[in-house]
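Single-letter residue listing:
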Amino acid sequence: MQATLEHMTIWGLISDASLLVKAVMLTLLLASLLSWYLIIQRSAVLQRNERQFNGFMQRFRSTQDLLPLYREHAQVREEDGGVTPIFQAGLLAFTQLNQPSSTPEVVLEGVERSLQVAISEQEVQLEKGLQFLATVGSVSPYIGLFGTVWGIMNAFLGLSQVQQASLSTVAPGIAEALIATAIGLFAAIPAVIAYNRFAARGQTLLTRYYAFGNELQARLHRKLHGAPVNLASAA
């Protein structure tokens, strides 16, 4: 009885599980660890981008000359993402197209295309890791269920080989099988919550990027009737 109780622990049941069930548990554990890594990493990226956007917009709306703002963010790496690459792409396109032979319509159309490309690149950055979280959230319960079904099947096969069946005989096998389902849910639930949360935050940030692009186009439209922007002096 004492030996049975010693094995009726979480670690005891896992160690006594069949090889396939152990493989299922290991797969789910690795998926859970990768999910938590992505959750922490993506949360930090989104928080940084949101904080950067708020600070940038305060500077953008409080200054009349965009050159100092461009100069301030000229050394920002493109892979860092955020609103800065969008601003740089729009202002650079404006400067390159704002020539005496160019019409305002051509200049603004080029700026709009550059902003669209830059925003699309940021959209890709915001969606990084979401596919993996969605996959873990949708597949993990089924993987855990597969391990459970296999474990219960082995438990009943073992039960058929004993002369006297009892609950104590079949309970360890069923318990170790149910652990696979528990691990599957443990991996899936945080992944689903994180996916929904990050997708919503990313979409909100993307909407704000589009709004900033429209605001930048309005500023550059007004500059077409004023002094030209010369980025050569800002380098």
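Nothing here was measured: the structure is a model prediction, and the numbers come from that model. (Residues numbered from 1 in each chain as written. Predicted model: local features only at pLDDT ≥ 70, side-chain atom pairs only at ≥ 80, totals over all residues. Heavy atoms only, no water.)

## A short note on the UniProt feature "transmembrane region" (unreviewed entry) in the chain
The criterion, for reference: UniProt positions are given in the numbering used here, feature names are shortened, and annotations may be inferred rather than shown by experiment. Each helix is a run of H or I in the DSSP string that is no shorter than four residues. Each strand is a run of E no shorter than two, and both are numbered from the N terminus.
UniProt records the feature "transmembrane region" (unreviewed entry) for residues 20-40, 132-153 and 173-195 in the present numbering. Secondary structure over residues 20-40 splits into 100% helix and 0% strand, and the C-alpha atoms at its two ends are 31 Å apart. Regarding residues 132-153, the helix share stands at 100% and the strand share at 0%, and the terminal C-alpha atoms are separated by 31 Å.

## Some words on the pattern of salt bridges
In plain terms, the rule: A carboxyl oxygen of Asp or Glu within 4 Å of a side-chain nitrogen of Lys or Arg is what we treat as a salt bridge. Residue burial is assigned from relative accessible area. The probe radius is 1.4 Å, only protein chains are included, and a residue is buried under 20% of its type maximum, exposed over 50%, and partly exposed in between.
Here the structure, examined in full by the defined rule, presents three salt bridges. When the shortest N-O distance is used, the salt bridge between Glu 50 and Arg 201 registers 3.0 Å. Placement of the pair is Glu 50 in helix α3 (residues 19-62) and Arg 201 in helix α8 (residues 167-223), with a sequence separation of 151 residues. Since its relative accessible area comes to 15%, Arg 201 is described here as buried.

## Describing the side chain of Ser 35
As a reminder of what qualifies: Whenever two N or O atoms come within 3.5 Å, that pair is a polar contact, provided that in protein one can donate a hydrogen and the other can accept it, and provided that, for residues adjacent in sequence, both atoms are side-chain atoms.
With respect to the element layout, Ser 35 can be found in helix α3. The exposure class assigned to Ser 35 is buried, which follows from its relative accessible area of 1%. Within polar-contact distance, the side chain of Ser 35 engages the backbone oxygen of Ala 31 at 2.8 Å.

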